[in-house]
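# Close look at the chain arrangement
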Amino acid sequence: METIVLDIGETLVRDDRHWASWANWLGVPPHTLSALVGAAVAQGREATDALRVLRPDMDVEEAYRARAAAGRGEHLDESDLYQDVRPALGELRSAGIRVVVAGNGTVRAGELLRALDLPADLVATSEEWGVRKPDPAFFARVAEVAGAAPEATLYVGDHPADDLFPAAAAGMRTAHLRRGPYGHWWADHPDVVETADFRIDALTDLAGLAGSSQTAVPEESEAPDVPDASPGERGKVVRRGALRSVR
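Report on the accompanying structure.

The next subject is the packing of aromatic side chains. Overall, the coordinates contain 3 aromatic pairs when judged by the stated rule. A centroid spacing of 5.3 Å and a plane angle of 70° characterise the contact between Phe 138 and Phe 139, whose relative ring orientation is edge-to-face. In this structure, Phe 138 and Phe 139 share a single accessibility class: buried. Aromatic rings pair up to connect Trp 129, Phe 138, Phe 139 and Tyr 155 into one cluster. Between Arg 14 and the ring centre of Tyr 82, over which it is positioned, the NZ or CZ distance is 5.9 Å. Over the aromatic face of Trp 22 sits the side chain of Arg 67, whose NZ or CZ is 4.6 Å from the ring centroid.

What follows covers the pattern of salt bridges. Evaluated as defined, the whole model comprises 15 salt bridges. Where Glu 111 meets Arg 108, a salt bridge forms, and the shortest distance between an N and an O atom there is 3.9 Å. With Glu 111 and Arg 108 both in helix 6 (residues 107-115) and 3 residues apart, this pair spans about one turn of that helix. Looking at Glu 111, the relative accessible area reads 42%, which means it is partly exposed. Taking the relative accessible area as the measure of exposure, Arg 108 reaches 37% and is therefore partly exposed. Connected via shared salt-bridge partners are Asp 7, Lys 133 and Asp 163.

Strand order in the open sheet made by the 6 strands is 3-2-1-4-5-6, with parallel pairing throughout. Every other strand in the sheet has two partners, leaving strand 3 (122-125) and strand 6 (198-200) as the edge strands with one partner each. Between one strand and the next, the sheet's axes are offset by a mean angle of 20°, whatever the strand orientation. In this structure, strand 1 (residues 3-6) lies alongside strand 4 (residues 153-157), joined through 4 bridges in parallel fashion.

A separate point is the pairing of strand 2 (residues 98-103). Here strand 2 lies mainly inside the structure; 5 of its 6 residues are buried. Direction of pairing for strand 1 relative to strand 2: parallel, over a ladder of 4 bridges. Bridge pairing links Val 5 to Val 100 in strand 2. Viewed along the sheet, the connection from strand 2 through helix 6 into strand 3 turns out right-handed.

This next bit is on a negative patch on the surface. Together, Asp 59, Glu 61, Glu 62 and Glu 127 make up a negatively charged patch on the protein surface. You can see Asp 59 is positioned in the loop between helix 3 (49-54) and helix 4 (60-69).

Relative to each other, helix 1 (residues 16-26) and helix 4 sit at 85°, their axes nearing to 12 Å. The orientation of helix 1 with respect to helix 4, classified from their angle, is roughly perpendicular. Residues Ser 21, Trp 22 and Trp 25 of helix 1 form the contact with helix 4, whose participating residues are Val 60, Ala 63, Tyr 64, Ala 66 and Arg 67.

All buried positions along helix 4 are accounted for by Val 60, Ala 63 and Arg 67. Taken down its axis, helix 4 places every buried residue within 60° of arc, on the same side. Exposed residues on helix 4 whose side chains face more than 90 degrees from its buried face are Arg 65 and Ala 69. Near the N-terminus of helix 4, the side chain that reaches the backbone nitrogen of Glu 61, with its oxygen 3.1 Å away, is that of Asp 59.

Among the structural elements, Glu 10 can be located in the loop between strand 1 and helix 1. No salt bridge is formed by the buried Glu 10; its nearest oppositely charged neighbour, Arg 179, is found at 5.9 Å. At 3.0 Å, the side chain of Glu 10 and the backbone nitrogen of Asp 15 are in polar contact. Beyond its immediate chain neighbours, meaning those up to four positions away, Glu 10 contacts Asp 15, Tyr 82, Asp 158, Leu 177, Arg 179, Gly 180 and Pro 181.

Next up on the list: unusual backbone geometry. Of note, the bond from Lys 133 into Pro 134 is cis; its omega dihedral lies within 30 degrees of zero at 10°. Despite not being glycine, Glu 10 shows a phi value in the positive range, around 60°. Among the residues examined, Glu 10 registers a relative accessible area of 8% and is labelled buried. At Asp 117, a residue that is not glycine, the phi angle is positive and equals roughly 55°.

Parameters and conventions
- Residues numbered from 1 in each chain as written.
- Predicted model: local features only at pLDDT ≥ 70, side-chain atom pairs only at ≥ 80, totals over all residues.
- Heavy atoms only, no water.
- Phe/Tyr/Trp six-rings, centres within 6.5 Å; stacked < 30°, edge-to-face > 60°.
- Buried < 20%, exposed > 50% of the residue type's maximum accessible area, 1.4 Å probe, protein only.
- Lys NZ or Arg CZ within 6 Å of the ring centre and 35° of its normal.
- Salt bridge = Lys/Arg side-chain N within 4 Å of Asp/Glu carboxyl O.
- Helix = DSSP H or I, 4+ residues; strand = E, 2+ residues; numbered from the N terminus.
- Pairing = 2+ DSSP bridges.
- Axes fitted to C-alpha atoms, helices over the stretch in contact; angles between N-to-C directions.
- Right-handed = clockwise from strand over helix to strand, strands pointing away.
- Patch = residues over 30% accessible without salt bridge, like charges linked within 9 Å, V, L, I, M, F, W, Y side chains within 5 Å.
- Areas by Shrake-Rupley, 256 points an atom, 1.4 Å probe, with all protein chains shown as cover.
- Lys, Arg positive; Asp, Glu negative; His and termini not counted.
- Charge placed at Lys NZ, Arg CZ, Asp CG, Glu CD.
- Parallel < 35°, antiparallel > 145°, perpendicular 65-115°, else oblique.
- Contact = heavy atoms within 4.5 Å.
- Arc of directions from axis to C-beta.
- Polar contact = N/O pair within 3.5 Å; in protein donor to acceptor, adjacent residues only side chain to side chain.

As structure tokens, this is what we get:
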């Protein structure tokens, strides 16, 4: 691998503050919103659907702007980073690997991330690029900034539909990170097992993979029960909500 590109949310950054701030804005206990996010994840839906359960008519983008106008917008500091981020990224750069951070996020998120001075060659968000994952155009931009051929580029993320599948479709190698709700819940889904070149538990695993051509997956794994899965149609790939799955 010449370049490693990393997702942002639940790859580099913990989403605790994000969802707690939404719960506070909506006037509900953080646990209530977290439980609803978990339900959305398990159903293969967008996590923001949890907000619409609480406020069915909510325009999330409009609510985001209202929060910012009220002085309750995005915030990000060192405490929001997973502990393995700086050691992992620093080790990769020391090994001569180009490190790019590129994921869904606002312009403000990009500014906050760059202010943290991460050991990365580039930090960019979807809003800055004008296109969101899993749109193929996003991964076309990733390919442009990677500075390496797709087969020499590794995309790392927790979300199968937003990270793993579209990066693989763009010809990149992929590492699925068992982190966050999507990363854990869908880790052993057959589509993930089949698609991921690597499956990792921590970003510090990446340095050992940089020169590897082997797929770092357990010798044996069992797929969890997947809602709406039918053994007779296993392997039939569909889109269900925000997550590609089988049924």
